[in-house]
Amino acid sequence: MRRFAFEKLLPFQPHVWQALQDDARAQEHAPTTEIHASDVAFRMVDFTQRNAERAGVGQVVQARGGDALQRMPPCETPGVMLLNPPYGERIEAAGVAGVSSRAREIAEGDDGGEFFAQLASHWKKNYNGWTAWMLTPDLKLPSKMRLKESRRVPMWNGPIECRMFRFDLMKGSVRDKL
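Residues numbered from 1 in each chain as written. Predicted model: local features only at pLDDT ≥ 70, side-chain atom pairs only at ≥ 80, totals over all residues. Heavy atoms only, no water.

**Regarding the overall build of the chain**
No. 1: Scanning the chain for helices and strands turns up six helices and six strands.
No. 2: For the chain, the α and β elements follow one another from N to C terminus as α-β-α-β-β-α-α-β-α-β-β-α.
No. 3: Looking at the 178 residues of the chain, the share that counts as buried comes to 27%.
No. 4: Considering only contacts in the chain between residues 6 or more positions apart, those separated by 24 or more positions represent 63%. (Helix = DSSP H or I, 4+ residues; strand = E, 2+ residues; numbered from the N terminus. Buried < 20%, exposed > 50% of the residue type's maximum accessible area, 1.4 Å probe, protein only. Contact = heavy atoms within 4.5 Å.)

**Some remarks on the side chain of Thr 136**
No. 1: Inspection of the secondary structure assignment puts Thr 136 in strand 4 (residues 131–136).
No. 2: By relative accessible area, which is 3% here, Thr 136 ends up buried.
No. 3: There is a polar contact of 3.0 Å between the side chain of Thr 136 and the backbone nitrogen of Asp 138. (Polar contact = N/O pair within 3.5 Å; in protein donor to acceptor, adjacent residues only side chain to side chain.)

**Looking at helix 4 (residues 113–126)**
No. 1: Its 14 residues place the ends of helix 4 20 Å apart at the C-alpha level, agreeing with the 20 Å of an ideal helix rising 1.5 Å per residue.
No. 2: Among the residues making up helix 4, those that are buried are Gly 113, Phe 115, Phe 116, Ala 117, Leu 119, Ala 120, His 122 and Trp 123.
No. 3: Check the buried side of helix 4 and you find it contacts strand 3 (80–83), strand 4 and helix 5 (141–145). (Expected span 1.5 Å × (residues − 1).)

**Observations regarding the pairing of strand 6 (residues 160–168)**
No. 1: By the bridge criterion, six bridges tie strand 4 to strand 6 in an arrangement that is antiparallel. Bridge pairing links Leu 135 to Met 164 in strand 6.
No. 2: Note that strand 5 (residues 151–157) and strand 6 share seven bridges and pair antiparallel. Looking at strand 6, one finds that Val 153 is bridged to Met 164.
No. 3: The turn linking strand 5 back onto strand 6 is made up of two residues, and Gly 158 within it adopts a positive phi angle of 65 degrees. (Pairing = 2+ DSSP bridges.)

**Concerning the sheet that holds strand 4**
No. 1: The sheet built from four strands is open, its strands ordered 3-4-6-5 with mixed pairing. Taken across any chain shown, the strands that pair with only one partner, and hence form the sheet edges, are strand 3 and strand 5. Across the sheet, the axes of successive neighbouring strands diverge by a mean angle of 20 degrees, strand direction being ignored.
No. 2: Packing of helix 4 onto the sheet brings it into contact with strand 3 and strand 4, and relative to strand 4 it is tilted by some 165 degrees. (Axes fitted to C-alpha atoms, helices over the stretch in contact; angles between N-to-C directions.)

**Examining the pairing of strand 4**
No. 1: With six of six residues buried, strand 4 is to be regarded as a mostly interior element.
No. 2: Residues Thr 131, Trp 133 and Leu 135 of strand 4 are buried on one face, and the alternating residues Ala 132, Met 134 and Thr 136, pointing to the opposite face, are buried as well.
No. 3: Two strands pair when backbone bridges link them, and strand 3 and strand 4 are joined in this way by four bridges, in the parallel orientation. Looking at the pairing, Met 81 lines up with Ala 132 of strand 4.

**Here we look at unusual backbone geometry**
No. 1: In this model, Arg 146 sits at a positive phi of 60 degrees, which is unusual for a non-glycine residue.
No. 2: Within the secondary structure, Arg 146 is located in the loop between helix 5 and strand 5.
No. 3: On the accessibility criterion, Arg 146 (62% relative accessible area) is exposed.

**Some thoughts on the nonpolar core**
Looking at soluble globular proteins, one finds that nonpolar side chains tend to be buried together.
No. 1: Grouped together as the largest cluster of nonpolar side chains are 17 residues, with contacts concentrated most on Leu 119, Trp 123, Met 134, Met 145, Phe 167 and Leu 169.
No. 2: For this core, the secondary-structure elements that each account for two or more residues are helix 4, strand 4, helix 5 and strand 6.
No. 3: If we ignore the near neighbours within four places in the chain, the residues touching Met 134 are Leu 83, Pro 85, Phe 116, Leu 119, Trp 123, Leu 141, Met 145, Arg 163, Met 164, Phe 165 and Phe 167. (Core = buried A, V, L, I, M, F, W, Y, C linked by side-chain atoms within 4.5 Å.)

This is how it looks when you write it as C-alpha cells:
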C-alpha cells in the first residue's frame, strides 16, 4: 500500500515486484499468537494499538500502559518479552523506582543501574520460565541486572552500536539451581 525508493531505480522490474507481492499475499493468514505490548507512556500505547489495527492485527495485540516494575505477566504460560528500554539518547530509564529521585541520580552520574536491578528482581519473582530479549548499547547491562545472558547478539539501532541480550528467567538465583 506504499511506494519505495528502489522502484525508481533503473534495474527495477515492476512485474517481478508484483509477483513477489502476490506470493506474499497468498501466504497471509490470520494471526494466532497473542501479543501483549506495554509502555509507561500511555500516548505510545495508543499509537501501538492504532498501528496494530491499521496493520490488520489489532485483534491479537493488547497494549497496556504502566510501569515495568509493576507489570505482571499478561498470561499464565511463559512467553517471550522484547524490550528496547530507554538508554539516555532520547529519554532516561526510570520507573517507579526512579521517578522521584531521577534528577538527583542523573546529576550524580547514575546510569539506570538501580532501575535495571529492580526490574531483574521483579522478573525473577514474577516471570519464571519467560525469556527476555533486551536491545541496549550498554554492554554492562547484564551485570547491572545481576543476570547472566544466554545470548549476546551485536546489532545497530540506527547509528548506535547495541547488543541484543537474551535472558532465560527463573525464580531465585542460578546458584540455587546448581
